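Here is what each chain is made of, one letter per residue.
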Amino acid sequence: MNEHVLLADRFEAHRAHLTAVAYRMLGSLAEAEDAVQEAWLRLDRVDPADIDNLGGWLTTAVSRVCLDMLRARKSRREDAFEAHLPDPVVAPDDGTQPERQAVLADSVGMALLVVLDSLNPAERVTFVLHDMFALPFDQIAPVVGKSAAAAKMIASRARRRVQGRTPQPDRDLPRQRRLVDAFLTAARGGEFESLLAILDPDVVLRADAGALLPGGMRMLRGAAAVAGQLDVFQRAANAFASHPVLVNGFAGLLNTDGEKTISLIAFTTSDGKITAIDLLSDPTRLPHLDAVAVGNH
């Protein structure tokens, strides 16, 4: 086996971890895979003998690529910003947990990704590396071009913003599913009081229909405002078939009309209430959902 093949094999052993890092930083599986590929190209241009810790080197490389991508994204949005939901990772809710789903989605629900989107590039990269992957600040500092003390301050600022906007989600999948089933039952029956009873007082509804909804994502906050959309929920719940799926590891619904995917709904729950509903109905993005999930509805 020649050295290049051996290096490729060693790189592949780190791919899942690198993709997990990049997905949390970028909120897009396609962009995460691009970032990982760029890290491989950078590795291919250096002498592996000069690398003491390949995993650390690759994590640093992919983080720098992601930081550049986030900065480029931010500069593009300065002219015409339209908020959109992050790309979801979807898998069947059939008692199995595919490896990719577990690697990519553990502890990073849609609601958290939305908040991460609000951080500036350095905050997001620093928060992901330290709070999600426990990298020390002396390793993070070169990635963001700051001292370790400055990186620690950036992470602390990001943490305050994240914690202030995301209630601790419920990790019990059966309990999540019971709330999602209750939502679907209330929607189908047009039961306003039943719907209101399972919504957190500060629940947020984010609806991303892409170009179908000028101005980007629509957002409603508060149980009364969200329950006020009952007519919309009822029409959709009775017009389309709803299939239980996992969205970033949390209970969700995939809604279809025959073979056509109409929408994907991600739910965040906490303390027995629904705290966030993220509705993706952008027809340009729905066909790119995880084929495993779509193929099993």
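Rules of the game
- Residues numbered from 1 in each chain as written.
- Predicted model: local features only at pLDDT ≥ 70, side-chain atom pairs only at ≥ 80, totals over all residues.
- Heavy atoms only, no water.
- Helix = DSSP H or I, 4+ residues; strand = E, 2+ residues; numbered from the N terminus.
- Expected span 1.5 Å × (residues − 1).
- Buried < 20%, exposed > 50% of the residue type's maximum accessible area, 1.4 Å probe, protein only.
- Polar contact = N/O pair within 3.5 Å; in protein donor to acceptor, adjacent residues only side chain to side chain.
- Core = buried A, V, L, I, M, F, W, Y, C linked by side-chain atoms within 4.5 Å.
- Contact = heavy atoms within 4.5 Å.
- Bend = angle between axes of the 7 residues up to and from the residue.
- Pairing = 2+ DSSP bridges.
- pLDDT = per-residue confidence, 0-100.
- Axes fitted to C-alpha atoms, helices over the stretch in contact; angles between N-to-C directions.
- Parallel < 35°, antiparallel > 145°, perpendicular 65-115°, else oblique.
- Nonpolar A, V, L, I, M, F, W, Y, C, P; charged D, E, K, R; others polar.
- Salt bridge = Lys/Arg side-chain N within 4 Å of Asp/Glu carboxyl O.
- Left-handed = near helix turned anticlockwise from the far one by under 90°.

1. Structural notes on helix α6 (residues 121-132)
And then number 1: Taking 1.5 Å of rise per residue, the 12 residues of α6 would be expected to cover 16 Å, and the 16 Å separating its terminal C-alpha atoms lies within 8% of that figure.
And then number 2: Judged by how many residues are buried, α6 sits mostly within the fold: nine of 12 residues are covered.
And then number 3: The distance from a side-chain oxygen at the start of α6 to the backbone nitrogen of A122 is 3.1 Å, and the residue carrying that oxygen is N120.
And then number 4: A134, located one to two residues past α6, shows a positive phi value of around 55°.

2. Looking at the nonpolar core
And then number 1: Judged by nonpolar contacts, the single largest core of 57 residues is most densely connected at M25, L43, V62 and V125.
And then number 2: Apart from the residues within four sequence positions on either side, V62 is in contact with L18, V21, A22, A35, V36 and A39.

3. Describing helix α1 (residues 3-26)
And then number 1: For α1, which comprises 24 residues, the first-to-last C-alpha distance of 32 Å matches the rise-based estimate of 34 Å (1.5 Å per residue) to within 8%.
And then number 2: The largest bend in α1 is about 45°, located at R15.
And then number 3: Looking at α1, one finds that the buried residues are L7, F11, L18, T19, A20, V21, A22, Y23, R24, M25 and L26.
And then number 4: Just past α1, the residue G27 takes up positive phi, approximately 70°.

4. Quick word on the pairing of strand β4 (residues 241-247)
And then number 1: Extensive coverage of β4 is indicated by the burial of five of its seven residues.
And then number 2: Two elements, strand β1 (residues 90-92) and β4, share three bridges in a ladder whose sense is antiparallel. Its bridge partner being in β4, P92 is matched across the sheet by V245.
And then number 3: In textbook terms, the turn of a hairpin is the stretch between consecutive antiparallel strands, and for β4 and strand β5 (residues 250-257) this stretch comprises two residues, one of which, N248, has a positive phi near 55°.

5. Digging into the side chain of E123
And then number 1: Locating E123 in the fold gives a position in helix α6.
And then number 2: Assessed through its relative accessible area of 2%, E123 is described here as buried.
And then number 3: Among the polar contacts listed, one links the side chain of E123 to the side chain of R161, at a separation of 2.9 Å.
And then number 4: Setting aside its immediate chain neighbours within four residues, E123 contacts I154, R157, A158 and R161.

6. Topic: the confidence of the model for the chain
And then number 1: With 88% of its residues at a pLDDT of 70 or more, the chain shows a mean pLDDT of 86.
And then number 2: The secondary structure element of the chain with the lowest average pLDDT is helix α13 (residues 291-294), at 39, and the one with the highest is helix α11 (residues 223-227), at 97.
And then number 3: Throughout residues 291-297 the model reports pLDDT below 50, and contacts reaching past four residues in sequence, or to other chains, amount to 15 contacts.

7. Re the packing of helix α7 (residues 137-144) against helix α8 (residues 148-165)
And then number 1: It is the contact of α7 with α8, at a shortest axis distance of 8 Å, that shows an interaxial angle of 90°. Here α7 lies roughly perpendicular to α8, going by the angle between them. Residues F137, D138, I140, A141 and V144 of α7 form the contact with α8, whose own contacting residues are A148, A151, K152 and A155.
And then number 2: Here the residues of the contact of α7 with α8 sort into seven nonpolar, no polar and two charged.

8. Remarks on unusual backbone geometry
And then number 1: The phi torsion at A134 lies on the positive side, around 55°, for a residue other than glycine.
And then number 2: With respect to the helices and strands, A134 occurs in the loop between α6 and α7.

9. Side note on the pattern of salt bridges
And then number 1: A complete count under the given rule lists 14 salt bridges for this structure.
And then number 2: Linking R175 and D170 is a salt bridge whose minimum nitrogen-to-oxygen distance equals 2.8 Å.
And then number 3: Notably, a salt bridge pairs D278 with R206, separated by 2.5 Å at the nearest N-O pair. Separated by 72 residues along the polypeptide, D278 in strand β7 (residues 273-280) and R206 in strand β2 (residues 199-208) bring together distant segments of the chain.
And then number 4: R206 gets classed as buried once you look at its relative accessible area, which sits at 6%.
And then number 5: Via salt bridges that share partners, E31, R73, D117 and R124 belong to a single interconnected network.

10. Some words on the packing of α6 against α7
And then number 1: Their axes nearest at 10 Å, the elements α6 and α7 cross at an angle of 155°. Classed by the angle they form, the pair α6 and α7 counts as roughly antiparallel. Considering how the two elements wind past one another, α6 and α7 form a crossing that is right-handed. Residues A122, V125, T126, L129 and H130 of α6 lie in contact with α7, whose contacting residues are F137, I140, V143 and V144.

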